[in-house]
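Chain residues, written in single-letter form:
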Amino acid sequence: MNLAASASEIRRWCERATNRWDQFWFTARSPYVLSLIRIATGSFLLYSHLVLATDLSAFLGTDAWISPELARSLHDGKFGDADWGRSYLWLIENGFVLWMHHGLTLAVTLAFTVGCFTRITGPAAWFLQLMYIHRLTGALFGLDQIITYMAMYLSFAPCGASISIDARLRKRFTDKLATSAGWRWLLPDEVPSVACNIATRLLQIHLCVIYLFGGLAKARGESWWDGTAIWYAVGNYEYQSLDMTWLATYPRLFSFLTHITLFWEVFYCFLIWPKLLRPITLILAVAIHGGIALFMGMATFGLAMICANAIFVDPVWLRRLVRGEPAPVTLATENDLDAGGLDLEDVDFDDAGSHAKIIERAKKVRAAGDRVRKRYLMLKEREQELRQNTKELERQKRRFARRTGKDDEKPPV
């Protein structure tokens, strides 16, 4: 293989890698899974704030278990490195104002959970949660960290497009939405979008990072290598919700569970992406976090991690499983298909007669467009190869002419 052919192959590989990178980040995705995760995340946020409300002064008051001065010192560099974890809750000393603020937080979080104006309540719920966790430093639980990072990415995605009050309002005010861009932004339609895909990818990557570093931290402990870590966990009465001490009579069983847990967590970021291995990886996630929820007294944390793993579930498949139908095709879906380079002239949405016919014809158009794109890419690759071959033949012809001094003769092929 000569240098020109090698360079051509490298260029084609780079083009394919670039196309796959663009498809990974900028392919439109349905908001259905994000909407379900919004409900779960909002419910956990609401639960956390309700727990704080049982004794608000003990958590956030001036005489709290962790005082405002101590919480501030944990962030301003007095007891270590300074960070940007600031909170205005350090400054609230009046009990009535504190309760008013907490009531507002509960209302915003509830609105986010049920999907009411999520474009506004989503970022607001995330910001308020940040203020609480910066104030409660030293008294946080794994649940607080998980739901905070989930709320962060959901706050910038149209997660209220499905299973929400926003969806009902959108159907009710269809005429106003058709003439107002502001209303269309406030009440997003349930159609695939790039914003949903970017939020999904960020959630997926963040979860992979959590598991990778969590697994590496476990790998530093001897009990995860000698197979006793699971036994120490279930044998600790402080965390025990169900008596699992019978595992002591089956040392090989808890040793196997220890090693499979460590392997799964360290290699989660590699196992979750191949479609063949993804179901097995998610089943293990449900089993491991379900075990934590049932047997170790951390029900909310285990359930939150199961909900976080749902980000890897295909939204079209999940919608078909839950509702028994694929995602509806609307006018916005037509625009989305047009933006993808498909010709919709053959699809008569007005005369289709039913959603089923519209969906079926849209599928055919998508399939035809995919075939055209694949054929086009194939022809472009062949054209590129032909150009390279032509250039190489021209170079051989000139080289042969210089060597023989016979410009009219053709080089041997």
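In what follows, the structure referred to is the one given above.
Residues numbered from 1 in each chain as written. Predicted model: local features only at pLDDT ≥ 70, side-chain atom pairs only at ≥ 80, totals over all residues. Heavy atoms only, no water.

Novice: Got a minute to help me understand the overall build of the protein chain in this structure?
Specialist: Of the regular secondary structure elements, the protein chain holds 20 helices and 0 strands. Classification of the 413 residues of the protein chain by burial places 40% in the buried group. Carbon together with sulfur atoms contributes 63% to the accessible area of the protein chain, which is approximately 24200 Å² in total. (Helix = DSSP H or I, 4+ residues; strand = E, 2+ residues; numbered from the N terminus. Buried < 20%, exposed > 50% of the residue type's maximum accessible area, 1.4 Å probe, protein only. Areas by Shrake-Rupley, 256 points an atom, 1.4 Å probe, with all protein chains shown as cover.)

Novice: I keep staring at the packing of aromatic side chains and nothing clicks. Help me out?
Specialist: Aromatic rings in a pair are described by how distant their centres are and how their planes are angled relative to each other. The final tally for this structure, using the stated rule, is 17 aromatic pairs. A centroid spacing of 5.3 Å and a plane angle of 85° characterise the contact between F24 and W25, whose relative ring orientation is edge-to-face. With a relative accessible area of 14%, W25 lands in the buried category. With a centroid separation of 5.5 Å and 80° between ring planes, the pair formed by W264 and Y268 is classed as edge-to-face. Each member of the pair, W264 as well as Y268, is classed as buried. (Phe/Tyr/Trp six-rings, centres within 6.5 Å; stacked < 30°, edge-to-face > 60°.)

Novice: What am I meant to see in the nonpolar core here?
Specialist: Soluble globular proteins: nonpolar side chains tend toward being buried together. Of all hydrophobic cores here, the largest spans 58 residues; its most connected members are L34, Y149, L207, Y268 and F312. Setting aside chain neighbours within four positions, we find L207 in contact with Y149, Y268, M305, A308, N309 and F312. Ranked by size, the runner-up nonpolar core spans 9 residues in total, among them W224, I230, L262 and V266. (Core = buried A, V, L, I, M, F, W, Y, C linked by side-chain atoms within 4.5 Å. Contact = heavy atoms within 4.5 Å.)

Novice: Looking at this structure, I do not really get the environment of A308. What am I missing?
Specialist: The topology assignment puts A308 in helix α17 (residues 299-309). A C-alpha to C-alpha distance of 8.1 Å links A308 and I146, two positions 162 residues apart in sequence. Among all residues touching A308, those that are not within four sequence positions of it are Y149, M150 and L207.

Novice: I keep staring at the state of the cysteines and nothing clicks. Help me out?
Specialist: Disulfide: a covalent bond connecting the sulfur atoms of a pair of cysteines. The final tally for this structure, using the stated rule, is 0 disulfides. Its sulfur unpaired, C159 is 8.4 Å from the next cysteine sulfur, which belongs to C196. Of the residues examined, C159 reaches a relative accessible area of 0% and is grouped as buried. (Disulfide = S-S within 2.5 Å.)

Novice: Sorry if this is basic, but what is going on with helix α8 (residues 165-172) here?
Specialist: Helical geometry note: an α-helix holds 3.6 residues per turn, so side chains three or four residues apart project in the same direction. All of the buried residues along α8 are D166, A167 and R170. Relative to the axis of α8, the buried residues are bounded by an arc of 100° and lie together on one face. Among the exposed residues of α8, those oriented more than 90 degrees off its buried face are R168, K171 and R172. (Arc of directions from axis to C-beta.)

Novice: Help me understand the side chain of T258 in this model?
Specialist: Residue position: T258 is located in helix α14 (residues 251-266). A polar contact of 2.7 Å, which involves the side chain of T258, links it to the backbone oxygen of F254. (Polar contact = N/O pair within 3.5 Å; in protein donor to acceptor, adjacent residues only side chain to side chain.)

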